[in-house]
Each structure stands twice: as C-alpha cells, then as structure tokens.
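# Observations on the three-dimensional arrangement
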Amino acid sequence: MLNLSRKELINAIKARHSVRSYIAGKVIEQSKVERLTEAMNSINETYTQLSFRLVLNEPKAFSGFASYGQFKGVENYLVIAGEKGKNTDVICGREGEKLVLLAQWLGLNTCWVGLTYKKVSSAFEIPQDNKIRCVIALGYGENQMSRAHKVKSPEQVSNLTTDSPEWFRNGIEMALLAPTAINQQKFRFDLTPEGRVKAKAGSSLAGYTRIDLGIAIIHFLIGADKDESIIDVTE
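What follows concerns the sheet that holds strand S5 (residues 187-191). Spatially, S5-S6-S7 is the arrangement adopted by the three strands of the open sheet, whose pairing is mixed. Of all strands in the sheet, those bounded by a partner on one side alone are S5 and strand S7 (231-234). Averaged over all adjacent pairs, the angle separating strand axes in this sheet is 25 degrees, with direction ignored. Across five bridges, S5 lies against strand S6 (residues 197-201) in antiparallel orientation. Within the sheet, the bridge partner assigned to Leu 191 lies in S6 and is Val 197. Those strands touched by helix H5 (residues 166-175) are S5 and S6, and its axis lies near 175 degrees from that of S5.

Rendered as structure tokens:
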C-alpha cells in the first residue's frame, strides 16, 4: 500500500494528529509533491468515480473563517471529490486517508475538513457530475504537539471479545486512532462466524459518518494486516 511497509503505515497512524495551524509560505518540497501526486493519480485511475486534486500555494480557501476548528496558514490542500454513488463517501474516506498517511510519512501534517473552507473555482477543476465531499489541509504545522482526545473502548465500536482473533483486535486498535468529524467515532466493526468483517456507519447530526467509516476501514485493514476483500460495508 502506497509502497510503504505495514510497520511504516502503523507508525504513521500513531504519529498522525489533526493540525489546524500551518507555517504560511513554507513550500512543500518538489519530491514530496511528486510522491503525493503519483499516489493521488493512482487512486484516480483505479476509482474512476473519484476526482482527487492537489492544490498548492492557494491561501483563499481557508481565509475569513472563524468557526469551529479555525484554521491558520493553510495554503495547500487535497480536494476529495467523487460522483454520486452508494459507497462514494466510504471510498473517499478510505482512499483519502491513504494520502494522509503518506503525507505523515513524508513529514507533513494534515487535517480532514468538512465545512470550514470555501471552493476557489480557479484553483482546480472537477467533472460536473462530481461533488466535493471534503478537503484535507496539508503542510507544515506550527505546533507539532498533539492533543489527547477521548477514545471509545474497543467494545463500544465492535463485537470484540476475549476469544476474538488477534488480527481483529489489532484492527480495532488501529481503527480507534482514525480521525473522525468532531471526534464522534460513529463506526462499528463486527466479526462474523465466517471470519468476515461487517463495517457500518452510525447516524450523526454532524454528518460525515460514511467518510469517517472509510477512514476507519483503512486503519482497520492496516492493523489487521488484511486486504479490502474481507470487509462488507452495510447500510
């Protein structure tokens, strides 16, 4: 995945934290831009219903907001967009988080953003039948210190028991480190008797639960050391 080892991906999961304040004017090195662009293009080619875009040196999208999660110095971001479809949000979350983990491994900071931005039409183009689901702020954070957040217990988000296989336990552990809108963690993973995993998004007034589920899924798969074929996404 992303030409990174499982150990590198797990280290990126553990190191990643949401950053809202960035060093304005600090340019992302060309080698890192190329690595992110290559991974993004691969995702767009694999999932033709997606239109991810990397926007660089564009400060207008995050200017003038003073609401929840106020941002500062954001001049680079990933646009997460896709066609209308049953599982588009889940796929956007899953594939977008791959780019987040790659960015973390490259030494960059990120933050998933659902509302606190505006579309700058001159900065990028997406097909007419595509909709922006969210964006991911990207760059070098001013403060590298992470803030602790309340995390649900494994039993609150899964049917994990003392008899569950280790790979399932490892998957849940990594899923609980996934970023979610307002830290809501409205996802659930249930291991079936057949050894498959049912993944489901809960309901929330804040929304974005299916994107959150996609993010949690990629964390789960990395932790469990399984491929996507083991997951069944349910309504």
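Back to the write-up after that little detour.
Grouped burial of nonpolar side chains is what soluble globular proteins tend to show. Counting residues in each nonpolar core, the largest one holds 60 residues, and the members touching the most others are Phe 168, Phe 189, Phe 220 and Ile 231. It is helix H6 (residues 209-224) that contributes the most residues to this core, ten residues altogether. Core analysis: the next-biggest nonpolar cluster, separate from the first, contains 19 residues, Val 19, Phe 62, Phe 71 and Val 135 among them.

Attention shifts here to the packing of helix H1 (residues 6-15) against H6. Where H1 contacts H6, the axes come no closer than 10 Å and their chain directions differ by 135 degrees. Classified by the angle their axes make, H1 and H6 are oblique. As H1 runs across H6, the sense of the crossing is left-handed. Every residue of H6 that contacts H1 at Arg 6, Leu 9, Ile 10 and Ile 13 is listed here: His 219, Ile 222 and Gly 223.

Within the fold, Leu 176 resides in the loop between H5 and S5. The exposure class of Leu 176 is buried, given its relative accessible area of 8%. For Leu 176, the contacting residues outside a window of four places in its chain are Val 151, Lys 152, Ser 153, Pro 154, Val 157, Gln 185 and Phe 187.

Next up on the list: the pairing of S6. With burial as the criterion, only one face of S6 is covered, namely that bearing Val 197, Ala 199 and Ala 201; the residues Lys 198 and Lys 200 on the opposite face remain uncovered. What sits between the antiparallel neighbours S5 and S6 is a turn of five residues, in which Gly 195 has the positive phi angle 85 degrees. Pairing analysis gives four bridges linking S6 to S7, with the strands arranged parallel. Pairing of Lys 198 across the sheet is with Asp 232, part of S7. Taken together, S6, H6 and S7 form a β-α-β motif whose crossover is right-handed.

Once that is clear, we can look at the environment of Asn 3. Within the secondary structure layout, Asn 3 lies in the segment before H1. For Asn 3, a relative accessible area of 70% corresponds to the exposed category. In this structure, the C-alpha to C-alpha distance between Asn 3 and Ala 39, residues 36 residues apart in sequence, is 9.3 Å.

This next bit is on the packing of H1 against helix H3 (residues 88-105). Taken N-terminus to C-terminus, the directions of H1 and H3 make an angle of 90 degrees; their axes are 9 Å apart at the nearest point. The angle between the axes of H1 and H3 places the two elements in the roughly perpendicular class. Two secondary-structure elements touch here, H1 through Glu 8, Leu 9, Ala 12, Ile 13 and Ala 15 and H3 through Leu 101, Gln 104 and Trp 105. Looking at the contact of H1 with H3 residue by residue, the classes come out as six nonpolar, one polar and one charged.

Quick notes on the rules
Residues numbered from 1 in each chain as written. Predicted model: local features only at pLDDT ≥ 70, side-chain atom pairs only at ≥ 80, totals over all residues. Heavy atoms only, no water. Pairing = 2+ DSSP bridges. Helix = DSSP H or I, 4+ residues; strand = E, 2+ residues; numbered from the N terminus. Axes fitted to C-alpha atoms, helices over the stretch in contact; angles between N-to-C directions. Contact = heavy atoms within 4.5 Å. Core = buried A, V, L, I, M, F, W, Y, C linked by side-chain atoms within 4.5 Å. Buried < 20%, exposed > 50% of the residue type's maximum accessible area, 1.4 Å probe, protein only. Parallel < 35°, antiparallel > 145°, perpendicular 65-115°, else oblique. Left-handed = near helix turned anticlockwise from the far one by under 90°. Right-handed = clockwise from strand over helix to strand, strands pointing away. Nonpolar A, V, L, I, M, F, W, Y, C, P; charged D, E, K, R; others polar.

It is worth stressing that arrangement in space is one thing and function is another; only the former is reported here.
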